[in-house]
Amino acid sequence: MVVCICNVIREKEIREAARQGISDVVDVYAHLGCEPNCCQCFSFAEQIIDEECRVAA
């Protein structure tokens, strides 16, 4: 599923970044070589990151 339409960032990519210990949305974007544009996806991306962090704990 595409989470960020502006940068075509997929849920899988966000989950993989979170599993590598990246817990901030802006840092995930930077890790993927992107910059936030409209920021409409931030809340969903944060949910995905939080979910992965809980699973890892």
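These numbers come from a predicted model, not from an experiment.

Q: Quick one: what's the story with the environment of Val-3, residue by residue and with numbers?
A: Along the chain, the position of Val-3 falls in strand 1 (residues 2-4). Sequence-distant contacts of Val-3, that is, excluding residues within four places in its chain, are made with Ile-9, Arg-10, Glu-11, Ile-14, Cys-41, Phe-44, Ala-45 and Ile-48.

Q: Which residues make up a nonpolar patch on the surface, and what are the values?
A: Taken together, the side chains of Val-2, Ile-5 and Val-8 define a hydrophobic patch exposed on the protein surface, amounting to about 290 Å² of accessible area. Locating Val-8 in the fold gives a position in the loop between strand 1 and strand 2 (9-10). By relative accessible area, Val-8 is classed as partly exposed at 49%.

Q: Report on the pattern of salt bridges, specifying residues and quantitative values.
A: According to the stated counting rule, one finds four salt bridges in the structure shown. The residue Arg-15 makes a salt bridge to Glu-11 at a minimum N-O spacing of 2.8 Å. Residue Arg-15 and its partner Glu-11 are both found in helix 1 (residues 11-19); the two are separated by four residues, about one turn of the helix. One salt bridge in this structure joins Arg-19 and Glu-52, with 3.0 Å as the shortest N-O distance. With Arg-19 in helix 1 and Glu-52 in helix 3 (residues 42-56), the pair connects residues that are 33 residues apart, well separated along the chain.

Q: Which residues make up the nonpolar core, and what values go with them?
A: If you look at the biggest cluster of nonpolar residues, it comprises 16 residues, and the most contacted ones within it are Ile-14 and Tyr-29. Take this core: its biggest share by element is four residues, from helix 3.

Q: Could you give an account of helix 1, naming the residues involved and the relevant values?
A: Listed as buried for helix 1 are Glu-11, Ile-14, Arg-15, Ala-17 and Ala-18. Along the axis of helix 1, the buried positions cluster into a sector of 160 degrees, meaning they face one direction only. Among the exposed residues of helix 1, those oriented more than 90 degrees off its buried face are Lys-12 and Arg-19. Close packing links the buried residues of helix 1 with strand 1, strand 2, helix 2 (25-31) and helix 3. Gly-21 sits one or two positions beyond helix 1 and adopts a positive phi of about 100 degrees.

Cut-off values and rules
- Residues numbered from 1 in each chain as written.
- Predicted model: local features only at pLDDT ≥ 70, side-chain atom pairs only at ≥ 80, totals over all residues.
- Heavy atoms only, no water.
- Helix = DSSP H or I, 4+ residues; strand = E, 2+ residues; numbered from the N terminus.
- Contact = heavy atoms within 4.5 Å.
- Patch = residues over 30% accessible without salt bridge, like charges linked within 9 Å, V, L, I, M, F, W, Y side chains within 5 Å.
- Areas by Shrake-Rupley, 256 points an atom, 1.4 Å probe, with all protein chains shown as cover.
- Salt bridge = Lys/Arg side-chain N within 4 Å of Asp/Glu carboxyl O.
- Buried < 20%, exposed > 50% of the residue type's maximum accessible area, 1.4 Å probe, protein only.
- Core = buried A, V, L, I, M, F, W, Y, C linked by side-chain atoms within 4.5 Å.
- Arc of directions from axis to C-beta.

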